[in-house]
Amino acid sequence: DEYMEVLHMMRECEISAFIFLQSLLEEIELDDEDPDFESIQASLLEHRLITTVRIVQEVNPKVLCDKVITHWNLSAEVEGKPEFRVEPVIDDDVADNGSANPIVRPKREMYSETYTLEAQQDHSLEIAFRSWALFDAIISSAEIEHPNFRETEKSIERERDPPEIFNLTLWKSADDKIFRKFTADVSEMHASGNKYLHFLFGSVEVVRGQSGAARLQKLHFLVPKSIRVLKDHALVEEWQESCWKNKVDRSGNEPKLDSFAEAVQQEYVSFVNLQYDLKCSLWPLNVAGDAIALAQYVGALLTTAIAVLTVFLYTGAYTKHPVVDQEDHFVKPWHLDLIRMIGLLQLATMMMWTVFYVLAFSTYTIATSMDGWKEDHKREVKQLQNDPVWYYMLQFQFFISDPKLLICCLYTTISYLGCFVNVLFFAPLMIDVCGRVGIVAKAIEAITITWQQLVGTIFFSCVFQYIFLVTGLMIFPVGYGFADHPEVYQCQNMVECLYAHFDYGFRSAPVWQDENLNWIQFTFDYVYNLMIILILVAIISGIIIDTFADMRASANEMDEDQKGKCFICCQEQPQLERQGVDFQEHIYNAHYMWAYARFFLHLSEAPDCDLNGPETYIKSQLSEQNTTFFPIERCLESEKEAADVSISDNPAKLKHVHPILDEAKVVATTTDKLKMTASESMAEVKELREAVASLLVKIGTIQTSATELTAQAAANGEGEAAAAAAAATAAAAPGGGGGAGAAARPS
């Protein structure tokens, strides 16, 4: 007993030491409005760098990774299951491989009553997790890629040197040889692959800080025991599928994450805890989920078998005997007995489905419905607490109004009628079989979700039939029939006429006894065809077709969203891979959506005193319905790559760089062509300028010549005017014409 108590204390001390080491890497919340923001941020970054350097130098990475494997093999995940054992790694480059030696639990530990085997296995798993989390926090940190990392290693001053100084090379070697091998081995051993570790070891990325000071931080947490026990639980997986399809608001990034967080807090947490309580109960309560899945599968097979046997063994047709007299329809009595025997099995599966559904879902359904009612009727909550009768009546109302429970009861009733009344009653159960086929299930859903619209449209159609009937009775002396029943006009009262209209009036337009129609009959026929045959029938079919098309488009959109876009950071695959991030690794490790759901479950279950600073911050944000901690458009991998990784060293980046380079080559070729064209254009412009200059010179010469000619012409004009004046003067003077003219001409 003393040995076991010492062992117990040693393991708790080891866990506490790991928690302390991880706490050294925590970051405080920053606020860029703080006057000392820059100095605080610089101090924080320096602290993280120095802490990372000291852990790298003072913690043996080989021992840390060996501790992950050793304690993993001592946990409940492996002990008693040798096929899931992870073999330790012997590193030839390391002198001491003692930490890799396997440990076998002695009998005194297995049968101890003071420190039970279950508690030992839980502690072993937690030590494996703490070792895994510390190694992952260091090897994935941005500080190890910091340009000052090497200088900081050399500048560290210690009061006392450790026995051995380690370096980043040894850490990366341990990562390649041991840490990644452990992850790969565990994934290969289990059917769920790389999702298996998410049921045990969790990590999330959150944003913490105010506005411009918001920093992205990675948090590690041990997944709650309820999830560890319910790995691959059918009902939990069904809830997750339902949440993804029906409870997430896809109108935007923030509404999507808000609705997801709300669904997890209000439904997922309570549902998982209920299933865990059932799992820990006695048989058969601990197999409720598996029992429901088995009942649904076997029930579908039995229903199909009954339908096939009925088709081939049922003889005869319509008879007037009572429904319970069915022996006449089977050639041999054992044919009916065979179908009834299968029917009894079918009834048993339906009853099992109903009973286990009540056990597995009713408490959860009542609790969630009651929470919703309290949210909508806050003023009446006190009155409800003081009135137990009303409280229980409300619970009963929520219990019987569960649609899935009503369907289970309906299927059970149909099976009972098929067993003890007539085997033909089993026929409606084929709808459930069809509902298990994807495309048919969508068609059924398209009808069920629009039933109110369909009922309203059908009622509207019946009203129009009534209006047409009374209109015909008022304005026509002789009635009309329909194509399938021309004698409708012979009906004796309103009920018979209306019944005939409902039966035949949706198939064809009125048929008149006289082929020569007057304009009133023609108008009546035309309006009837337009309203009843064309519009109303088309509306009914259009509602179903449009709903089905919308559902298919929505399903395709969800499928594309799931396969090509990260749910948490809302970045698409090409966008992430251009930043150097492997998309599949990203969505299943860094930003696995259900890791966040399990993180919220962890926060709801863990005592406040056990939460660290960032966890306390997230819990307070959730209580205020604030989801700004989700890393929208951010992830540590891309920020780390953007800070320090060359594009040529990253195949994920090169995958998207090649198309860009091809486009760049096309742009360069086009640019060269444009340059050549521009050069040719410039040469042509130059030639045009020279031609224009030559033309301007010629025009200038012409203008000069024209000016001279104009001046000369003006001079000639003045001389002729003077001669004319002299001649006129000479003519006016007597006897002096010739002398004057001779004297004036030379002048």
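Reading guide: rules and limits
- Residues numbered from 1 in each chain as written.
- Predicted model: local features only at pLDDT ≥ 70, side-chain atom pairs only at ≥ 80, totals over all residues.
- Heavy atoms only, no water.
- Disulfide = S-S within 2.5 Å.
- Buried < 20%, exposed > 50% of the residue type's maximum accessible area, 1.4 Å probe, protein only.
- Salt bridge = Lys/Arg side-chain N within 4 Å of Asp/Glu carboxyl O.
- Helix = DSSP H or I, 4+ residues; strand = E, 2+ residues; numbered from the N terminus.
- Pairing = 2+ DSSP bridges.

Enquirer: Kindly report on the state of the cysteines, identifying the contributing residues and their values.
Expert: All chains considered together, the criterion is met by one disulfide. There is a disulfide in this structure between Cys-491 and Cys-497, and the S-S distance comes to 1.7 Å. Judged by the sign of its S-S torsion, about 80°, the cystine formed by Cys-491 and Cys-497 is right-handed. According to the relative accessible area criterion, Cys-491 is partly exposed, its value standing at 21%.

Enquirer: Summarise the pattern of salt bridges; cite the residues concerned and give the values.
Expert: All told, the structure shown has 28 salt bridges when counted by the stated rule. Note that Glu-14 is salt-bridged to Lys-67, the shortest N-O span being 2.7 Å. Residue Glu-14 is located in helix α1 (residues 2–23), and its partner Lys-67 is located in helix α3 (residues 61–73); the two are separated by 53 residues in the primary sequence. According to the relative accessible area criterion, Glu-14 is partly exposed, its value standing at 22%. Its salt-bridge partner being Arg-215, residue Glu-27 comes within 2.6 Å of it at the nearest N-O pair. Taken as a pair, Glu-27 in the loop between α1 and α2 (37–58) and Arg-215 in strand β2 (residues 215–222) lie far apart in primary sequence, 188 residues in all. Residue Glu-27 shares its accessibility class with Arg-215, and that shared class is buried. Here the salt bridges share partners, and the residues they tie into one network are Glu-27, Arg-48, Glu-143 and Arg-215.

Enquirer: Tell me about the pairing of strand β1 (residues 201–208), and name the residues and values.
Expert: As a general feature of sheets, a regular strand has side chains that alternate between the two faces. Most of β1 sits out of view: eight of its eight residues are buried. Along β1, one buried face is formed by Phe-201, Ser-203, Glu-205 and Val-207 and the opposite face, lined by Gly-202, Val-204, Val-206 and Arg-208, is buried too. One ladder, built from eight bridges, connects β1 with β2; its direction is antiparallel. Each residue of the ladder has a partner; that of Ser-203, found in β2, is His-220.

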